[in-house]
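# Structural overview
Read off the chains here:
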2 protein chains.
Amino acid sequence: MSVPHPYWLRDNCPCADCRDPRGGQKLFRIGDLPDGLTAVETAEDAAGLTVRWSDGHRSHYPAGWDAPAGPDERTEHAKRLWQAADFARGLPEADWAAYLADPEERTAVLAAVLRSGFALLRGVPAEERRVLRVARSFGYVRETNYGELFDVRVEPDPANLAFTSAAIAPHTDNPYRDPVPTLQLLHCLRNDCAGGDSGLVDGFRAAALLREQDPAAFAVLARTPVPFRYRDRGTELTAERPLIGLDPRGAIREVRFNDRSTRTAALSALDPAELDAFYAAYRRFAAIVLRPELRLDFRLAPGDCLVLDNTRLLHARTAFEPGDGTGGHRHLQGCYADLDSLSSTLAVLRRGTAVLDELEALFEGEGSGEYLGEAVTLAAHMLQAAALARAAGARPPWWPPPCCTTSATSGAAGGS
Amino acid sequence: MSVPHPYWLRDNCPCADCRDPRGGQKLFRIGDLPDGLTAVETAEDAAGLTVRWSDGHRSHYPAGWDAPAGPDERTEHAKRLWQAADFARGLPEADWAAYLADPEERTAVLAAVLRSGFALLRGVPAEERRVLRVARSFGYVRETNYGELFDVRVEPDPANLAFTSAAIAPHTDNPYRDPVPTLQLLHCLRNDCAGGDSGLVDGFRAAALLREQDPAAFAVLARTPVPFRYRDRGTELTAERPLIGLDPRGAIREVRFNDRSTRTAALSALDPAELDAFYAAYRRFAAIVLRPELRLDFRLAPGDCLVLDNTRLLHARTAFEPGDGTGGHRHLQGCYADLDSLSSTLAVLRRGTAVLDELEALFEGEGSGEYLGEAVTLAAHMLQAAALARAAGARPPWWPPPCCTTSATSGAAGGS
């Protein structure tokens, strides 16, 4: 008797000896399985598949155990690629107080960061270090040589173009870091200068356009590691990564674009024809990135906090009139964090919804036929009660998640 | 008049209008250069190359400006791949006090982490939270859902095999995280059980062996993203990454290997033949990872702190007799950090040495012929003086680096 893919099937045995029933950790090593493993007996019915293995183990697989997952959520296939006009009816945004109070608002904001690459929180108190609180509402601050947070404002002797009043072209941050911070937060404390507007470009969209219009150029950028560097008195960071990073199947997974931090002298090692092909592709991609229709422009007001995917979105600003004692000022505080924790927080939030969905499905199926017979069913009663309870402020037992508790009790930055 | 690769050359103009002389930030965008850029005049001599460009700009490139960089330091090409016997004469290790006091010790330790994938610090006080101090001596702690640090010891109701007394096979940590923590620290506070020894395997070496012995299997692992997952009450982390990660040119750049956290049910989306090929390759790789000659075994004693590259090395432990009130105990504290900051700290440390090397080269060349004529030259005098000063405790002006200062003043965990 045979089953297809015996090692895959055996690897996924869900019994309590093979997987920890709580966390799902697998309790054996792939090499523990004998060579020549086969099924000696199988039975399949509506409840699933039962297999007795040649090593004596018995497995039961409930129907649907092997439902294919969605696409890797970090690649273009799980994203909504956009251009500026797609946000004509408004940006993905929420009020900070509502975000803190309402799991649905919170779910919507975090989902927008994953899908569109950004979201805007309004009404975050325009106070120093609040940006850390925002980061800790869904994850963990990634400390760097710039500190836990950094100030974006005009400095007298700037080491970085960011700390002047000059325009900054669309770019991703910290390309010289590996692992690059996957999320950036920018919290506006003051912005009463003339100018100093913000811009965002969907780097995945720009890369997809390049692939459509010049597949050879796209391939050159995906296969050429580019050296990036940042250097100051106490720091010397280097990373070598392509401008367009692909997953092993060729899907766009990361864009790293920052003219200021390239250290392309080291590309001298490239084959001469490849070097010219790289520059032609680089210039072509740079031109797409600057297309006006791709750039979403808006203005950050005090209390606005932008959360953006730094592996995908490029951010920019227009020049502004710097404060001179009589005029206005522009001051943002920023920090870095990571997508994996944001995604985890979102998945835990959705468990609450998933329970309601499951209940609804249950009562819409056999249950409703068996037990219910009125215009407003018992199921509808239950779901309405749940919705009313939520509206009245009831929270699922798992709310708030641990990372949120920590930030709420510590009130400000700092470890324990 | 033409020069080869005009855009590459122009992109690397080192003048103060094109690059910030301090940090090296490039001050123009690649798209600012005109189409059809050419050189209208060039002159080359021993001092370098001078070019007048068709856009009017003038560039001077000092000789050697385009020296090719070494290999990407994160790939196999920059590593010393090893097996256990290579450390027959001892592990890369240093005394914690010497490491703190002496930049050369520090350089050696950090270089070993990059080259061999690990180093051992001895004599780190066996006190709680000291592991954070070690991480902050070269970089920044990566906080996760496990906290700033985690305790590895027997727990009454363990959610993870790590918190039992069972043996743990070689694995990388947190494969379900993306970005994965690139460094792990393990600080031994107590280890007086029978058993509980540590093991390390060079994952790059294992991957290189697979490539040598079964190139097709290697290719399958490099092209198949594997879903990993960790789930508990407040956390649901997922990542999809191949077991062997390559750079765009095919060099080994990351190994992610952890039987416990795979969620391979989702591989149902693979082509059937590919699914079987994946399992055959996975089992073959797993068998190589378990080869005794690859595994370096040693025992952590209280005060030992292991620093290891979690993108490359697999770590393991043997089973032990858990403490029962009468017997011994085993207690490690661990934390995560990242390679980029470690590498930056090393590069800054090496600037000190580089200055001495430059001086030495200068006086061994023309200088020595022109000014010196005695058995012990002026150059030798200077270098001896520098060596004596260093031995007497003198420090270069950039010592200690900022990250070290912070940890020294704050004394323990926590932000500013």
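A quick note: this is a predicted structure, and the numbers were derived from the prediction, not measured. (Residues numbered from 1 in each chain as written. Chains lettered and ligands numbered in written order. Predicted model: local features only at pLDDT ≥ 70, side-chain atom pairs only at ≥ 80, totals over all residues. Heavy atoms only, no water.)

## Quick notes on the overall build of chain A
Heads up, the condition is: Strands here are runs of E lasting at least two residues and helices are runs of H or I lasting at least four, both read from the DSSP assignment and numbered beginning at the N terminus. Remark: exposure states derive from per-residue accessible area (1.4 Å probe, protein chains only) relative to the maximum for the residue type, with buried under 20%, exposed over 50%, and partly exposed in between. Each accessible area is a Shrake-Rupley result for a 1.4 Å probe, and residues are judged covered by the shown protein chains and nothing else.
What chain A contains, in helices and strands, is 11 helices and 17 strands. The burial tally for chain A puts 53% of its 416 residues in the buried class. About 17200 Å² of surface is accessible on chain A, with carbon and sulfur atoms providing 53% of the total.

## A short note on the interface of chain B and chain A
Put simply, the rule reads: Contacts between residues were defined by any pair of non-hydrogen atoms, one from each residue, lying within 4.5 Å. Joining two parts hides part of their accessible area as seen by a 1.4 Å probe, and the buried area is that hidden amount summed over both. Only one rule defines a salt bridge in this text: a Lys or Arg side-chain nitrogen within 4 Å of an Asp or Glu carboxyl oxygen. Here a polar contact means two N or O atoms within 3.5 Å. Within protein one must be a hydrogen donor candidate and the other an acceptor candidate, and residues neighboring in sequence count only if both atoms are side-chain atoms. Throughout, the ten residues Ala, Val, Leu, Ile, Met, Phe, Trp, Tyr, Cys and Pro are labelled nonpolar, Asp, Glu, Lys and Arg are labelled charged, and all others, Gly among them, are labelled polar.
With 94 residues of chain B at the contact, the number on the chain A side is 95 residues. Roughly 8000 Å² of surface becomes buried between chain B and chain A when both sides are summed, with 47% attributable to carbon and sulfur atoms. Run the count over chain B and chain A and you get 8 salt bridges. In this structure, R283(B) engages D35(A) in a salt bridge whose closest nitrogen and oxygen atoms are separated by 2.7 Å. Seen at the junction of chain B and chain A, the total is 45 residue pairs in polar contact (both at pLDDT 80 or more). Put simply, the parts of the chain that give the side of chain B that touches chain A at least two residues each are α1 (6-11), α6 (215-223), β10 (226-232), β11 (235-241), α7 (272-289) and α8 (339-364) of chain B. Broken down by element, the side of chain B that touches chain A gets its largest block of residues, 7 residues, from α7(B). Residue composition of the side of chain B that touches chain A, grouped by class: 39 nonpolar, 22 polar and 33 charged.

## Description of the nonpolar core
Burial of nonpolar side chains together is a common tendency in soluble globular proteins. Heads up, the rule is: To define a nonpolar core, start from buried Ala, Val, Leu, Ile, Met, Phe, Trp, Tyr and Cys residues and group those joined through side-chain atoms within 4.5 Å.
Judged by nonpolar contacts, the single largest core of 51 residues is most densely connected at L221(B), F278(B), Y279(B) and F285(B). Those elements giving two or more residues to this core turn out to be α1 (6-11) and β2 (48-53) of chain A together with α5 (203-213), α6, β10, β13 (252-255) and α7 of chain B. The element best represented in this core is α7(B), accounting for 9 residues. F285(A), V3(B), Y7(B) and C13(B) belong to the second-largest nonpolar core, a separate cluster that totals 49 residues.

## A short note on the relation of the copies chain B and chain A
Basically, it comes down to this: Here the copies are superposed with least squares, the fitted atoms being C-alpha atoms of residues at a pLDDT of at least 70 in both.
Each copy of the sequence occupies a distinct position, and chain B is placed on chain A by a rotation of 180° and an axial shift of 0.0 Å, giving an RMSD of 0.0 Å. Expressed as an axis order, the relation between the two copies is that of a two-fold axis. Taken as a fraction of all interface residues of chain B, those also at the interface in chain A reach 99%, which identifies the copy contact as same-surface.

## Describing the pairing of strand β17 (residues 330-337) of chain B
Residues and elements named next belong to chain B. Using the following cut-off: The pairing criterion for strands is at least two bridges between them, as found by DSSP.
For β17, the tally of buried residues reaches 8 of 8 residues, placing the bulk of the element in the interior. Here β17 shows a buried face lined by R330, L332, G334 and Y336 and a second buried face lined by H331, Q333, C335 and A337. Relative to β17, strand β6 (residues 150-152) runs antiparallel, the two being bridged by 3 bridges. For F150, the partnering residue across the bridge sits in β17 and is G334. Looking at chain direction, strand β8 (residues 183-191) and β17 are connected through 8 bridges and run antiparallel. In the sheet register, C188 faces β17, and the bridge partner there is L332.

## Focus: the pattern of salt bridges
Within the structure shown, the criterion is met by 52 salt bridges over all chains. Of the charged contacts in the structure, one is a salt bridge between R52(A) and E41(A), with a shortest N-O distance of 3.1 Å. Placement of the pair is R52(A) in strand β2 and E41(A) in strand β1 (residues 39-45), with a sequence separation of 11 residues. Residue class for R52(A) comes out partly exposed when judged on its relative accessible area of 31%. By relative accessible area, which is 41% here, E41(A) ends up partly exposed. R142(B) is the salt-bridge partner of D338(B), the closest N and O atoms lying 2.8 Å from each other. Of this pair, D338(B) sits in the loop between β17 and α8 while R142(B) is found in the loop between α4 (130-136) and β6, placing the two residues 196 residues apart along the sequence. As far as the burial class goes, D338(B) and R142(B) line up, both buried. The structure contains a network of salt bridges with shared partners spanning D72(A), R74(A), R253(A), D178(B) and R241(B).

## Section: the packing of α6(B) against α7(B)
All names here are of chain B. Rules: Helix axes are fitted only over the stretch in contact, all axes being lines through C-alpha atoms; the angle between N-to-C directions runs from 0 to 180 degrees. When describing relative orientation, an angle under 35 degrees is termed roughly parallel and one over 145 degrees roughly antiparallel, while 65 to 115 degrees is termed roughly perpendicular and anything else oblique.
In the contact formed by α6 and α7, the axes pass within 9 Å of each other and the chain directions differ by 110°. In terms of orientation, α6 and α7 fall into the roughly perpendicular class. Along the contact surface, α6 presents A217, V220, L221 and R223, while α7 presents E274, A277, F278, A281, Y282 and F285. Along the lines of polarity and charge, the residues of the contact of α6 with α7 split into 8 nonpolar, no polar and 2 charged.

## Regarding the side chain of R142(A)
Take R142(A): its relative accessible area is 6%, and that puts it in the buried class. Separated by 2.9 Å, the side chain of R142(A) and the backbone oxygen of P179(A) make a polar contact. Of note is the side chain of R142(A), whose polar atom sits 2.9 Å from the backbone oxygen of V180(A). Those residues in contact with R142(A) that lie beyond four places of it in its chain are R177(A), P179(A), V180(A), P181(A), T182(A), Y336(A), A337(A), D338(A), R142(B), P179(B) and D338(B).

## Quick notes on helix α3 (residues 103-116) of chain B
Residues and elements named next belong to chain B. Quick note on the threshold: For a helix, the expected span equals 1.5 Å multiplied by the residue count minus one.
The end-to-end C-alpha distance of α3 is 19 Å, a good match for the 20 Å that 14 residues give at a rise of 1.5 Å each. The buried fraction of α3 is high, at 10 of 14 residues. Here α3 has its buried residues at P103, R106, T107, V109, L110, A111, A112, V113, L114 and S116. Where α3 starts, the residue carrying a side-chain oxygen 2.8 Å from the main-chain nitrogen of E104 turns out to be D102. G117 sits one or two residues past α3 and shows a positive phi near 95°.

## Looking at the confidence of the model for chain A
Residues and elements named next belong to chain A. Applicable threshold: Here pLDDT means the predictor's own confidence in every residue, given as a number from 0 to 100.
Considering every residue of chain A, the mean pLDDT works out to 88; 83% of them sit at 70 or more. The low-confidence segment residues 365-376 (pLDDT under 50) makes 9 contacts with residues lying over four places distant or belonging to another chain. Low pLDDT, under 50, characterises residues 397-416; the predicted model gives this stretch 40 contacts beyond four residues in sequence or across chains. Per the prediction output, this complex has pTM 0.87; the corresponding ipTM is 0.86.

## Observations concerning the packing of helix α5 (residues 203-213) of chain A against helix α6 (residues 215-223) of chain A
Residue and element names in this part refer to chain A. Two elements in contact, α5 and α6, have axes whose closest approach is 5 Å; the angle formed by their N-to-C orientations is 130°. By the angle between their directions, the pair α5 and α6 is classed as oblique. Of the residues in α6, those touching α5 at A207, L210, R211, E212 and Q213 are P215, A217, F218 and L221. Residues that form the contact of α5 with α6 fall into these classes: 6 nonpolar, 1 polar and 2 charged.

## Digging into the packing of aromatic side chains
Which entries qualify depends on this criterion: Only centres within 6.5 Å qualify two rings of Phe, Tyr or Trp (six-membered ring in Trp) as a pair; their planes then separate them into stacked at under 30 degrees, edge-to-face at over 60, and tilted for everything else. Geometrically, a charge over a ring is one whose NZ (Lys) or CZ (Arg) sits within 6 Å of the ring centre while staying within 35 degrees of the ring normal.
Under the defined criterion, the tally for this structure stands at 28 aromatic pairs over all chains. Taken together, a centroid distance of 4.9 Å and an interplanar angle of 40° make the contact between W8(B) and W65(B) tilted. Of this pair, W8(B) sits in helix α1 while W65(B) is found in the loop between β3 (58-62) and β4 (93-95), placing the two residues 57 residues apart along the sequence. On the basis of relative accessibility, which here comes to 7%, the residue W8(B) falls in the buried class. Pairing Y279(B) with Y282(B) gives two aromatic rings, centres 5.9 Å apart and planes at 55°, and the pair type is tilted. Residue Y279(B) and its partner Y282(B) are located together in helix α7, separated by 3 residues, close to a single helical turn. Ring-pair connections join several aromatic residues into one group, and the members of that group are F257(A), F278(A), Y279(A), Y282(A) and F285(A). Here the basic side chain of R211(B) rests over the ring of F218(B), its NZ or CZ set 5.2 Å away from the ring centre.

## A closer look at the pairing of strand β16 (residues 313-317) of chain A
Residue and element names in this part refer to chain A. Among the 5 residues in β16, 5 count as buried, and that is most of the element. Going residue by residue along β16, you find L313, H315 and R317 tucked away on one face and L314 and A316 tucked away on the opposite face as well. Note: strand β7 (residues 168-171) against β16, 2 bridges, orientation antiparallel. Pairing of H171 across the sheet is with H315, part of β16.

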